[in-house]
Amino acid sequence: MLYDKAFISEEDKAKGVFFEFAEVLKKAGVNLSIVEIMDMMQALPLISIAEKEIFKQTLATTLVKDYTDIPIFNQCFEEFFQRKKGNDSLLEVYTSHTNAEDFIFSQEEKSLLESLIDDFLDSHPQSFFKKSNEYLTKILIDEIQSSEAGGAIGLSLFNRRSRYASGSSDDSIQELSPQVFEAIMGLLRRRMFERNMGSAIKQREDYLLNKYIYQLKPDEIKEMRELIKRFGQKMKNRISLRKKRVKRGSIDIKRTLRRNLQYGGVPFKIFHRDRKVDRPQLVVMCDISSSVNQYSRFMLLLTYTLQSLFAKVRSFAFISNLVEITDLFREMDPERALNSIFNDTNFTYGWGSNYGNSFNQFIQNYSDALTSKTTVLILGDARNNNQDPGLDSFIKIKERSRNIYWLNPDRKHLWDWSDSIASLYIPHCTEMREVKNFLDLSHFIDTLFIQKR
Amino acid sequence: MFSSIKDTIQGLEKQKYICSKEIATTIYLALKMEKPVLVEGPAGVGKTDLGKCIAQALGYELIRLQCYEGLDEAKALYEWEYAKQLLYTQILKDKLSKILEDQATLKDAVNKLSTEEDVFFSEKFLVARPILKAITNETPSVLLIDEIDKSDSEFEAFLLEVLSDFQVTIPEIGTITANKKPFVLLTSNNAREMSDALKRRCLHLYIDYPTKELEEQIVKLKVPECGNYLIKEIINTIHEIRKLPLKKDPSISETLDWAKALALLGCEVLNRDIAIDTLNFILKYEKDIELVKKNIYTIIVH
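A quick note: this is a predicted structure, and the numbers were derived from the prediction, not measured.

Caption draft 1: Representation of the overall build of chain A in the model. Of regular secondary structure, chain A possesses 20 helices and 8 strands. In chain A, which comprises 453 residues, the proportion classed as buried is 32%. Across chain A, contacts joining residues at least 24 apart in sequence account for 73% of those joining residues at least 6 apart.

Caption draft 2: Representation of the overall build of chain B. Helix and strand content of chain B: 15 helices and 9 strands. Burial status across chain B gives 33% buried among its 302 residues. Partitioning the contacts of chain B with sequence separation of at least 6, the portion at a separation of at least 24 is 77%.

Caption draft 3: Focus on the sheet that holds strand β1 (residues 37-40) of chain B. Residues and elements named next belong to chain B. Overall, parallel pairing links the 5 strands, which are arranged β2-β5-β8-β1-β9 in an open sheet. Every other strand in the sheet has two partners, leaving β2 (61-66) and β9 (203-206) as the edge strands with one partner each. Each strand axis lies, on average, 20° off the axis of its neighbour in the sheet, ignoring direction. Here β1 runs beside β9; their pairing, made up of 4 bridges, is parallel. By the bridge assignment for β9, valine 39 is matched with leucine 205.

Caption draft 4: The packing of helix α11 (residues 228-243) of chain B against helix α12 (residues 252-264) of chain B, seen in detail. Residues and elements named next belong to chain B. At a minimum axis distance of 11 Å, the contact between α11 and α12 shows a crossing angle of 140°. The angle between the axes of α11 and α12 places the two elements in the oblique class. As for how α11 packs across α12, the hand of that crossing is right-handed. Along its contact with α11, which presents Leu230, Ile231, Ile234 and Ile238, the element α12 presents Thr255, Trp258, Ala259 and Leu262. Of the residues contributing to the contact of α11 with α12, the split by class is 7 nonpolar, 1 polar and no charged.

Caption draft 5: Examining helix α17 (residues 355-366) of chain A more closely. Residue and element names in this part refer to chain A. A rise of 1.5 Å per residue sets the reference length of α17, with its 12 residues, at 16 Å; its end C-alpha atoms lie 15 Å apart and thus fit the reference within 8%. Every buried residue of α17 is accounted for by Tyr355, Gly356, Asn357, Ser358, Phe359 and Phe362. Close packing links the buried residues of α17 with β4 (312-318), β5 (322-324) and α18 (391-400).

Caption draft 6: Up close: helix α8 (residues 107-123) of chain A. Residue and element names in this part refer to chain A. Across its 17 residues, α8 extends 24 Å between first and last C-alpha, which sits within 8% of the 24 Å expected from 1.5 Å per residue. Turning to α8, its buried residues number three or more, namely Leu113, Leu116, Ile117 and Phe120. In a view along the axis of α8, the buried residues occupy a sector of 105°, so they form one face of it. α8 presents Gln107, Glu108 and Asp122 as exposed residues on the side facing more than 90 degrees away from its buried surface.

Caption draft 7: Structural view of the sheet that holds β5(A). Residue and element names in this part refer to chain A. What the 6 strands build is an open sheet, ordered β5-β4-β3-β6-β7-β8; its pairing is mixed. The open sheet has two free edges, formed respectively by β5 and β8 (431-434), since each of these has just one partner strand. The mean angle between the axes of side-by-side strands here comes to 20°, regardless of whether they run parallel or antiparallel. Where helix α14 (residues 293-305) meets the sheet, its contacts fall on β3 (281-287), β4 and β6 (374-379), and the angle it forms with β3 comes to roughly 160°.

Caption draft 8: View of the nonpolar core. Val37(B) and Ile131(B) are the most contacted members of the largest nonpolar core, which totals 95 residues. Tallying contributions element by element places helix α2 (residues 21-33) of chain B first for this core, with 6 residues. Judged by nonpolar contacts, the second largest core, of 56 residues, contains Leu208(A), Val283(A), Leu300(A) and Ala317(A).

Caption draft 9: Main features of the pairing of strand β8 (residues 183-188) of chain B. Residue and element names in this part refer to chain B. Of all 6 residues making up β8, 6 are buried, and the element is well covered by its neighbours. Direction of pairing for β1 relative to β8: parallel, over a ladder of 4 bridges. Residue valine 39 lies in a different strand from β8, and its bridge partner there is threonine 187. Sheet topology note: the strand β5 (residues 141-146)/β8 ladder contains 4 bridges and is parallel. When the bridges of β8 are listed, valine 142 appears paired with phenylalanine 183.

Caption draft 10: Representation of unusual backbone geometry within the structure. Residue and element names in this part refer to chain B. Even without a glycine there, the phi angle at glutamate 147 is positive, about 55°. If you trace the backbone, glutamate 147 turns up in the loop between β5 and α8 (153-165). For glutamate 147, a count of 19 C-beta atoms within 10 Å corresponds to the partly exposed category. Despite not being glycine, phenylalanine 166 shows a phi value in the positive range, around 50°. Residue class for phenylalanine 166 comes out buried when judged on the 20 C-beta atoms lying within 10 Å of it.

Caption draft 11: Region of the structure containing the interface of chain A and chain B. With 30 residues of chain A at the contact, the number on the chain B side is 24 residues. For the side of chain A that touches chain B, the elements supplying multiple residues, two or more each, are α3 (34-43), α4 (52-63) and α12 (218-245) of chain A. By residue class, the composition of the side of chain A that touches chain B is 12 nonpolar, 10 polar and 8 charged.

Caption draft 12: Molecular detail of the confidence of the model for chain A. Averaged over chain A, the pLDDT score is 75; the fraction of residues at 70 or greater is 75%. With pLDDT under 50 throughout, residues 84-98 of chain A is counted as low confidence; its partners more than four residues away or in other chains account for 18 contacts.

Caption draft 13: Highlighting the environment of Ile300(B). All names here are of chain B. In this fold, isoleucine 300 is placed in the segment after α15 (296-299). Residue classification places isoleucine 300 among the buried positions, given that 21 C-beta atoms sit within 10 Å. For the pair formed by isoleucine 300 and arginine 272, sequence separation is 28 residues and the distance between their alpha carbons is 6.3 Å. Apart from the residues within four sequence positions on either side, isoleucine 300 is in contact with Thr237, Leu270, Asn271, Arg272 and Ala275.

Caption draft 14: Region of the structure containing the environment of Glu324(A). Residue and element names in this part refer to chain A. Its location among the elements puts glutamate 324 in strand β5. Spatially, the C-alpha atom of glutamate 324 lies 9.0 Å from that of methionine 285, the residues being 39 residues apart in sequence. What glutamate 324 contacts, discounting residues up to four positions off in sequence, is Arg314, Phe316 and Tyr366.

Caption draft 15: Quick peek at the packing of helix α10 (residues 212-222) of chain B against α11(B). Residue and element names in this part refer to chain B. Between α10 and α11, whose axes approach to 10 Å, the crossing angle comes to 135°. The angle between α10 and α11 places the two elements in the oblique class. Read as a crossing pair, α10 and α11 show a hand that is right-handed. Facing Lys212, Glu215, Glu216, Val219 and Lys220 of α10, the residues of α11 in contact are Ile231, Lys232, Ile234, Ile235 and His239.

Caption draft 16: Just the environment of Asn74(A), in detail. Residue and element names in this part refer to chain A. Within the fold, asparagine 74 resides in helix α5 (residues 70-82). Since 13 C-beta atoms lie within 10 Å of it, asparagine 74 is described here as partly exposed. Each C-alpha atom, one on asparagine 74 and one on alanine 60, is 8.6 Å from the other, the two residues being 14 residues apart in sequence.

Caption draft 17: Summary view of the confidence of the model for chain B. Summing up the model confidence of chain B, the mean pLDDT is 88 and the portion of residues at 70 or higher is 100%. Interface scoring of the predicted complex returns ipTM 0.84; its pTM is 0.69.

About the cut-offs
- Residues numbered from 1 in each chain as written.
- Chains lettered and ligands numbered in written order.
- Predicted model: local features only at pLDDT ≥ 70, side-chain atom pairs only at ≥ 80, totals over all residues.
- Helix = DSSP H or I, 4+ residues; strand = E, 2+ residues; numbered from the N terminus.
- Buried ≥ 20, exposed ≤ 12 C-beta atoms within 10 Å, placed from the backbone.
- Contact = placed C-beta atoms within 7 Å.
- Pairing = 2+ DSSP bridges.
- Axes fitted to C-alpha atoms, helices over the stretch in contact; angles between N-to-C directions.
- Parallel < 35°, antiparallel > 145°, perpendicular 65-115°, else oblique.
- Left-handed = near helix turned anticlockwise from the far one by under 90°.
- Nonpolar A, V, L, I, M, F, W, Y, C, P; charged D, E, K, R; others polar.
- Expected span 1.5 Å × (residues − 1).
- Arc of directions from axis to C-beta.
- Core = buried A, V, L, I, M, F, W, Y, C linked by C-beta atoms within 7 Å.
- pLDDT = per-residue confidence, 0-100.

Written as C-alpha cells, this is what we have:
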C-alpha cells in the first residue's frame, strides 16, 4: 500500500485511478504483485485510453495472469469505470466530473479534498464507517479543519458559501452551506464505495463458500454453481501442478546404459524412471433424499469438475434404492445430469433413506467397482429411518477398497440424534467427517491427493 | 515493428490472420514493452498461428520449440556435443606426449599444460537448441514456445532467465546475452497451471472462440470460394452448436475445414441433410454428433 501513496504524490492525479483499480482487484482476490502494476503503468502511455476495448484489454493483459480471474476482472472493470457514467467515453469518466461537487470545487480543491478523505479513511478502523454518512461527514469536516493541511482548503470551503448562500460573510465561520456539505458527503460516499467494491466481491464469495449449504437460498445456489466451476478449475490446476512435481523416480539403468552406448558406455546422460502418478479411483455414493440433496449436488458437481484428476469415477445415488449415475454424467453436462437424476423416480421418493438396502444393493450389483486402489466416498447423514443398517455389506465395501470416507452434513453433536446411526458406521470408516459448507467439501477432496500411498 | 494497434491488425491481416482488438492490443504492447506473451485458450483458436503470422508480418525468423513431457534443457537451451568432446580427449592423449616431451618434472608438465588452450568446454562443442538460437540470432526472431503446459515444471525454471533478461547462463562458459531481443510467445492449453514466477514475467492473453463477425471474416479470407451467404449460415450453425454441452466444441480450424468441404461439394445453402452428413468435419466424438443430430431442427432452419 505504501508504494501506491508514494507514486500518487509524484505522479499526476489521474494515475491514482489506476492504482485504485489495482487495489480493487486485489481486494477482490486477484493475485497482483508490484510487477503487474508497473507493467500496467508502462503500458498505459502506449495506447489511447479513449478506446474502451483497447483500454480494457491493456489492463487485463498486464494485470490478470490467471484466466479464471477474467470474469472477476470484467466485473470490477465494469463497475469501476462504467458505473460513474452511462457514457462510453472513458476518458471523460476520470478527467471530468458531473457530480454536484464539480460546480462547487475547483480541480485543485477537489484533489486536495480527495486526498484528505483518503487519510480520513485510512486513519479509522473499518468498524467506524458503519455510522451514518451525515455523521461521518461531520467528523471529516472537523478533522479537516483541525489538521494543518486542511487549513487552506478549510478556509476556501467556508468562503465558498458566500457565492451560494445568501448570508453575510460575518456569520460564524463554522457554518457550512448545505450544498458544500452535500458535496463533501457525496465525495466521501463515493470514495468509500470505490474502496469497498473489490472486497465486496471477495466477501460475497467467501460468504457463499462458508455458508451452511442447506441454508443457501435458490438464487444463491445459482451463483454457487458458477463459483464451483471456477473454484474447481483452480483446484484442478493446483493439484495437477503438485502431481507433476513428484513424478520423477529413481535412475532407469536400462535406458541410461542403452542411450549412452554412443559415448562408449560413459554415462553422460542419466535417465530417470517415471514414477507412476497416483490417480485415485473414486466411487461416490450420494444420499439424495431431501435432507442432504443440496450437499450431494455440490459434491457431484465438484467431483465431475475434477474428473480428469481421477483414474476413474463411478457415482451412485440412493434414497431407498441405489442407482448408478455415472453414465448420466458421461452423456451430458453436470448441470443437466443432476437435474435428470432428481427427476428420476427409481429412488422411490418419500420413503426416506435406507442405507442398509443401498449398501446391500451395491455389494450385489456393483462390487466390481471396488479395487484395492478405490477410495469410496459416502455422502449422507446416516439417518436410516430405523431400518436395517446393512452393516455386513458396509464392512464388505470397506474390505474391498483402499479407503472409505463418510462425509456427514450433520453437525458432530447430532450424529446419533434421532434416527441417525452414524456411530454404528464410524468404526468401519477410514474417517467420518463433518461437512458444513462448500469449503469443507473442497478441503476434503484436496486431502485425497496428498495422502501417501 | 508495428506502429500502432491498427497497424498490428492490418499487418496480421496481410498474413491472413484476422485478430480481435484485444489480441492486437496485447501483441502491440508486448512488442513495445519487450515482454513475452503467455497465450491461453481452448484448442484450435489459432494460438500457434498467431506466432507464425507475427513472424511473417514482421519479417522475423520463427524459431519454434514444441514442448512435451520430459523436455529438458539439453533439447531446449543448449547441449554439449559429447561425442566430439570424446574425440577431442583422444586427440589430446595423442598430442599430449608430444607437447610434454621436453618437460623434466611433473610440475613443469602441469604448468605447460595449463598454458594450452582449453577447448573442452567452449562454443566449439556447443550445440545451440531453439532458445539459445533465438538469443544468439543476428537478426530479430520470434521464439514460439508451444504448449508450455505439456512440459514439466522444472523446465519452466530454465525459461525464467530467458523471459526476464533475454539471456542464457551456461555454467562452463558464462552468460550469453541476446544480440537482438527475440519476441517470445508461449502458448498453453491449460493442462496445468503455470507458476507465478513465469506468469509475472509475461503479459497474459486469453483467446476465446471468436465472435460471429470475426469468425465470418476469417472464413471469408481463408475460404473465399464459399459464397458469402453460405459462410453466414455456416457461422450461425457453428455458434449454435457451440452452445450445446459438447465434449469438444468445434474450433476455428474445424469451421474452416467444414467450409472447405461444403464448398467442394458445391453447396449453396446449408440444409439439414448435408449438415448431418458432414458433421464429422466439426465434431470428433460420436456422442457429440448424436447430440447435434438430436437438436438439428433448432440449429438449422431449412
